[in-house]
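Spelled out from the first residue to the last, the chains are:
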Amino acid sequence: MADELDLNSLNDEELVGQMHDDLYDGLKDEIEQAVHILLGRGWQPYDVLTQALVEGMRVVGEDFRDGILFVPEVLLAANAMKAGMAILRPLLAETGAPKIGKMVIGTVKGDIHDIGKNLVAMMMEGAGFEVINIGINNAVENFLAAIAEHQPDIIGMSALLTTTMPYMKVVIDTLKEKGMRNDFIVLVGGAPLNEAFANAIGADAYCRDAAVAVETAKNLMARRQGSVQERARA
Amino acid sequence: MPDAEIPPVGRRGAGRAARRAARLAPVAASVPFITRRIPLYAVLNDEGLALIEHNADTVLEEVGIDFKGDAEALALWREAGAGIDGERVHIPRGLCRSIIAAHAPAHYTQHARNPARSVVIGDDHTVFAPAYGPPFVHDLDHGRRYGTIEDFRNFVRLAYLSPWLHHSGGTVCEPVDLPVNKRHLDMVYSHMRYSDKPFMGSVTAPERAADTVAMAEILFGADWIDPATGRPRTAVTSLINANSPLVWDATMLGALKTYARANQANLITPFILAGAMAPVTAVGACTVTLAEAMAGIAFTQLVSPGAPVILGSFCSSISMKSGAPTFGTPEPSLVLFVMAALARRLGVPFRSGGALCAAKIPDAQAAYESAMTMLPACLAGTNFILHTAGWLEGGLAMGYEKFVMDADQAGMLQTLLNGVDLSPGGQAMDAIREVGPGRHFLGCAHTQAHFATAFHTSSLANNNSFEQWEAEGRQDMAQRANAQWKRMLRDYEPPPIDPATDDALLDFIARRKAAFPDSNV
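Rules of the game
Residues numbered from 1 in each chain as written. Chains lettered and ligands numbered in written order. Predicted model: local features only at pLDDT ≥ 70, side-chain atom pairs only at ≥ 80, totals over all residues. Heavy atoms only, no water. Helix = DSSP H or I, 4+ residues; strand = E, 2+ residues; numbered from the N terminus. Rg over C-alpha atoms; globule rule 2.2 N^0.38 Å. Buried < 20%, exposed > 50% of the residue type's maximum accessible area, 1.4 Å probe, protein only. Contact = heavy atoms within 4.5 Å. Areas by Shrake-Rupley, 256 points an atom, 1.4 Å probe, with all protein chains shown as cover. Lys, Arg positive; Asp, Glu negative; His and termini not counted. Charge placed at Lys NZ, Arg CZ, Asp CG, Glu CD. Pairing = 2+ DSSP bridges. Axes fitted to C-alpha atoms, helices over the stretch in contact; angles between N-to-C directions. Parallel < 35°, antiparallel > 145°, perpendicular 65-115°, else oblique. Core = buried A, V, L, I, M, F, W, Y, C linked by side-chain atoms within 4.5 Å. Phe/Tyr/Trp six-rings, centres within 6.5 Å; stacked < 30°, edge-to-face > 60°. Patch = residues over 30% accessible without salt bridge, like charges linked within 9 Å, V, L, I, M, F, W, Y side chains within 5 Å. Salt bridge = Lys/Arg side-chain N within 4 Å of Asp/Glu carboxyl O. Buried area = accessible area lost by both parts, 1.4 Å probe. Polar contact = N/O pair within 3.5 Å; in protein donor to acceptor, adjacent residues only side chain to side chain. 1 Å grid on protein atoms, 1.4 Å probe; cavity = no way out; pocket = protein on both sides within 12 Å on 5 of 7 lines; lining within 4 Å. Points joined across faces, edges and corners; volume = space filled by probe spheres on them. Nonpolar A, V, L, I, M, F, W, Y, C, P; charged D, E, K, R; others polar. Expected span 1.5 Å × (residues − 1). Arc of directions from axis to C-beta.

Q: Looking at this structure, I do not really get the overall build of chain B. What am I missing?
A: Along the backbone of chain B there are 18 helices and 20 strands. Computed over C-alpha atoms, the radius of gyration of chain B comes to 24 Å, within 12% of the 24 Å expected from 2.2 N^0.38 for 521 residues, which places it in the range of a compact globule. If you line up chain B on its principal axes, its C-alpha atoms span 80 × 60 × 50 Å. Out of the 521 residues belonging to chain B, those deemed buried represent 54%. Of the contacts formed within chain B by residues at least 6 apart in sequence, a portion of 75% connects residues at least 24 apart. Carbon and sulfur atoms make up 58% of the accessible area of chain B, which totals about 21700 Å². On chain B, the mean spot of the 44 positive side-chain charges and the mean spot of the 52 negative ones are 5 Å from each other.

Set out below in structure tokens:
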């Protein structure tokens, strides 16, 4: 696939530009290589994340929203982003850089619908979030266990059925009972939901699609902690 | 090499700039005409069809059909063996069919000035053309008003820019701002200049048909005569309507003869509002239609053996309470299926259908009624579908929004007619093996290779979430269509034409206009 271009021959500015293109084109190996090159040149992991990866995926997200990119293309781009993040994540932890955010996401009990929720997980990873995808048919105990193990910032719940969406309230009420509700951002989504439903069950936001989920997560994280995105924008 | 031409640093894909450029570029002005790859749908067996054929021959022999105001036509029929009683022609059983079988082609190529846009009419092919004949135009901004030559040009431009319309049509609207006896010159020129797709000619008088042929000869220049046959290439298909029931009139016969003698195609169409111009039953309407059509088609072959000809059927029901024509009703769809089968048995191309409706605006009635005719027309194997785009209120108005909505649907129907891909790529076993149970196909190699073209994507349908649709202004289909046709006209660029040819056409028009005074009769 790759024609002959030595990434090492590019100066920093050219290399970051090339990474934006390579993210757009979903080139995982090239992104990994470029992340290593920037780190080797003494870049801070946090700068690699914000200037190269997050900025590149911002463009991908825009063109997805505008109907220029197709879902399979965004999936490839997110996979490339995820590969770059895998290199950076331990380094970011070591350097104490601001977190983009961590999410536990799952389809609620009684509901076995997987794909829409997986698209949200994919897009969140593409935006630099760490995502723990706990799959389908999750009772409240599964969410509690994942919370205890992973200490997320965000809990995402999905349902495709009107018969299963009320279970989201069971999860939120349990968090309230345990005095944990305000420790997390709770995002909900799925075809039969709307904003009024999300408000009624006590979620923080209804996300109508994967792109909105990412935007909402970024905004709420920024409000919580003055996040990476906010600082990058400044 | 100047700096601007140095390719940007990059390899493989070229990132956002390249993809945006490719995805936002205007689509091709045209896709090839359709070759149907799904079976025909039939509503009658051979026995039923043979019964209608027998009855139509009985009508022609026993009741007879009028050829009015045309002594030459009567002479030709007499010579062919018909009985003549005044202007009434009694055609012996089987005579029309034998004349047609001996001479009429099963298909023909209608040449466009851009050879890539030429179409084959007949056999397994389907060609979509815009609506024909409306005196009014309609759009959301200005409502309903008389059509002008600028509206006419606009619809030619829109048809040119609509990839799913293979044909520029004819009277896309009536330019009532121009004198009746000269407007055909501007209409034909508009098709020639603002599009490079095939088009239809003037039929309102024999001399206007002759002007059409003369302009086509200028347009095609050295390519006009086909060296293989020594005859003109067929560059015009023109609409010849019967004055149903059972009358062919001098105006239509005059245009018919002019075109047939120049080897141009005639679209012989009985125009039946069942209950008014034919019995109220499907078989009765088919019998009258077939009788009129066979007489008209056989007549083209008496005039000019081998001249291209299409069997057309325009059949609508009427409201028995008001007499108003009705569209999108089931009975005419049954007539359409039967007539398509009868045309195939006769061995000539078939025209019918269209996005027909009685709706005044591009609303749900317009969409339902149009679909109720377009789908049967496609499933019946119709070769030439006039009125595919724009038709409103029984053909009285050409709608700008309706036009782009219909053109969008035509794309859907084209994909339907393309049928099912059984190739290894179509079987997609590699994808099923790769993904297995419980995972999704969005990322697998097969999907990555095919996603961009896997599904026909409507340019107008809104598939977004309620919230996004609401945030974008709660636009309904007609509002989105309004934005689309305006964008198309704004970005329109005419296809190139040889300046000498253009000058010759304009010179011909100027001389013809100067040759006689304007008249509105």
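Q: I keep staring at unusual backbone geometry and nothing clicks. Help me out?
A: The bulk of non-glycine residues show a negative phi, and the bulk of peptide bonds are trans. All names here are of chain B. Cis rather than trans, the peptide bond between Ser244 and Pro245 has omega equal to 5°. Take Pro245: it is sitting in the loop between β10 (237–241) and β11 (247–248). Located in the positive-phi region is Asp123, a residue other than glycine, with phi close to 55°. Tracing the chain through its elements places Asp123 in the loop between β6 (119–122) and β7 (125–128). Under the relative-accessibility criterion, Asp123 is labelled partly exposed at 41%.

Q: Honestly, the sheet that holds strand β3 (residues 154–158) of chain A in this entry has me stumped. Any pointers?
A: Picture the strands of a sheet paired through backbone hydrogen bonds; they go either parallel or antiparallel. Residues and elements named next belong to chain A. Spatially, β2-β1-β3-β4-β5 is the arrangement adopted by the 5 strands of the open sheet, whose pairing is parallel. Single-partner strands in this sheet number two, and they are β2 (130–133) and β5 (205–206). The sheet contacts of helix α9 (residues 210–225) involve β3, β4 (185–189) and β5, and relative to β4 the element is tilted by about 165°.

Q: Can you walk me through the packing of helix α5 (residues 149–161) of chain B against helix α17 (residues 477–491) of chain B in this structure?
A: The geometry of a pair of packed helices is captured by two quantities: the angle between their axes and the separation between those axes. Residue and element names in this part refer to chain B. Interhelical geometry of α5 versus α17 gives an angle of 95° and a closest axis separation of 10 Å. The angle between α5 and α17 falls in the class roughly perpendicular. On α17, the residues touching Asn154, Arg157, Leu158 and Leu161 of α5 are Trp485, Met488 and Leu489.

Q: Before we go on, may I ask you to explain the nonpolar core in this structure?
A: Taken as a class, soluble globular proteins show a tendency for nonpolar side chains to be buried jointly. Ranked by internal contacts, the top residues of the largest apolar core, which has 148 residues, are Phe67, Trp77, Ile91 and Leu311 of chain B. With 12 residues, helix α9 (residues 282–303) of chain B is the largest single contributor of residues to this core. Counting residues in hydrophobic clusters, the runner-up holds 58 residues, among them Tyr24, Leu75, Leu88 and Leu92 of chain A.

Q: How should I be thinking about the sheet that holds strand β8 (residues 136–139) of chain B in this particular structure?
A: Residues and elements named next belong to chain B. Sheet architecture is open: 4 strands sit in the order β9-β8-β20-β19, paired in mixed fashion. In this open sheet, the two edge strands, each paired with only one partner strand, are β9 (143–146) and β19 (391–392). Where β8 lies against β9, 4 bridges are found, and the strand directions are antiparallel. Within the sheet, the bridge partner assigned to Asp139 lies in β9 and is Gly143.

Q: Could you clarify how one ought to interpret the packing of aromatic side chains in this entry?
A: Each pair of aromatic rings is reported with the distance of its centres and the angle of its planes. Residue and element names in this part refer to chain B. Per the stated rule, a full pass over the model turns up 16 aromatic pairs over all chains. Between the aromatic rings of Phe314 and Phe327, the centroid separation amounts to 6.3 Å while the plane-to-plane angle is 70°, which identifies the pairing as edge-to-face. Of the two residues, Phe314 is situated in strand β15 (residues 314–318) and Phe327 in the loop between β16 (325–326) and α10 (330–346); the sequence distance between them amounts to 13 residues. No difference in accessibility class separates Phe314 from Phe327, as the two residues are buried. Centroid distance Phe327 to Trp391: 5.6 Å. Interplanar angle 70°. Geometry classified as edge-to-face.

Q: How should I be thinking about a nonpolar patch on the surface in this particular structure?
A: Residues and elements named next belong to chain B. A grouping of Tyr41, Val43, Leu44 and Leu334 is seen on the molecular surface, where their side chains present a nonpolar patch of about 330 Å² in accessible area. Of note, Val43 is situated in the loop between β1 (34–35) and α2 (46–63). Owing to a relative accessible area of 34%, Val43 belongs among the partly exposed residues under this scheme.

Q: For this particular structure, what's the right way to read the interface of chain A and chain B?
A: Interfaces are frequently sized by the accessible area removed from exposure as the parts join. Counting residues at the interface gives 32 residues for chain A and 23 residues for chain B. On the chain A side of the contact with chain B, Ile68, Pro72 and Arg208 of chain A bury the most area, a combined 22% of that side's loss. Run the count over chain A and chain B and you get 6 salt bridges. Of the charged contacts in the structure, one is a salt bridge between Glu62 of chain A and Arg16 of chain B, with a shortest N-O distance of 2.8 Å. On the surface where chain A and chain B come into contact, there are 12 residue pairs in polar contact (both at pLDDT 80 or more). Contributing elements (two or more residues each) for the side of chain A that touches chain B: α1 (12–24), α3 (45–65), α4 (71–95) and α5 (115–126) of chain A. Looking at which element gives the most residues to the side of chain A that touches chain B, the answer is α4 of chain A, with 5 residues.

Q: Could you clarify how one ought to interpret the pattern of salt bridges in this entry?
A: It is possible for side chains bearing opposite charge to pair when their charged atoms get close. Residues and elements named next belong to chain A. Under the criterion given, the structure shown has 41 salt bridges over all chains. Asp66 is paired through a salt bridge with Arg65; the nearest N and O atoms lie 3.0 Å apart. A residue is classified by how much of its surface remains accessible, and Asp66, at 42% relative accessible area, is partly exposed. Residue Arg65 is classed as exposed on the basis of its relative accessible area of 52%.

Q: Please clarify how the layout of surface pockets should be interpreted in this entry.
A: Using a probe with the size of a water molecule, rolled over the atoms, empty space left in the structure can be pinpointed. Residue and element names in this part refer to chain B. If you add up the space inside the second largest pocket, you get close to 580 Å³. Along its surface, the second largest pocket is lined by 31 residues, and Tyr132, Gly133, Thr171, Glu174 and Leu239 are the ones closest to its centre. Listed by contribution, the elements that provide at least two residues to the lining of the second largest pocket are α6 (183–194), β10 and β13 (271–273). Residues belonging to the lining of the second largest pocket are distributed by class as follows: 15 nonpolar, 12 polar and 4 charged.

Q: Could you clarify how one ought to interpret the environment of Ala235 of chain B in this entry?
A: Residue and element names in this part refer to chain B. Here Ala235 lies in the loop between α7 (206–220) and β10. For Ala235 and Ser118, which are 117 residues apart along the polypeptide, the C-alpha to C-alpha distance reads 8.9 Å. Contact partners of Ala235, with chain neighbours within four places excluded, come to Gln110, His111, Phe199, Ala216, Phe220, Trp224 and Gln264.

Q: Is there a simple way to explain helix α2 (residues 28–40) of chain A in this structure?
A: Every α-helix winds through 3.6 residues per turn, so residues three or four apart in the chain are directed the same way. Residue and element names in this part refer to chain A. Taking 1.5 Å of rise per residue, 13 residues should cover 18 Å, and α2 covers 18 Å from first to last C-alpha, within 8% of that figure. Along α2, the residues that are buried comprise Glu30, Ile31, Ala34, Val35, Ile37 and Leu38. With its buried residues spanning 165° around the axis, α2 presents them on a single face. On the buried face of α2, the contacting elements are α1, α3 and α4. The first or second residue beyond α2 is Gly42, which carries a positive phi of 95°.

Nothing here speaks to function; it is all geometry.
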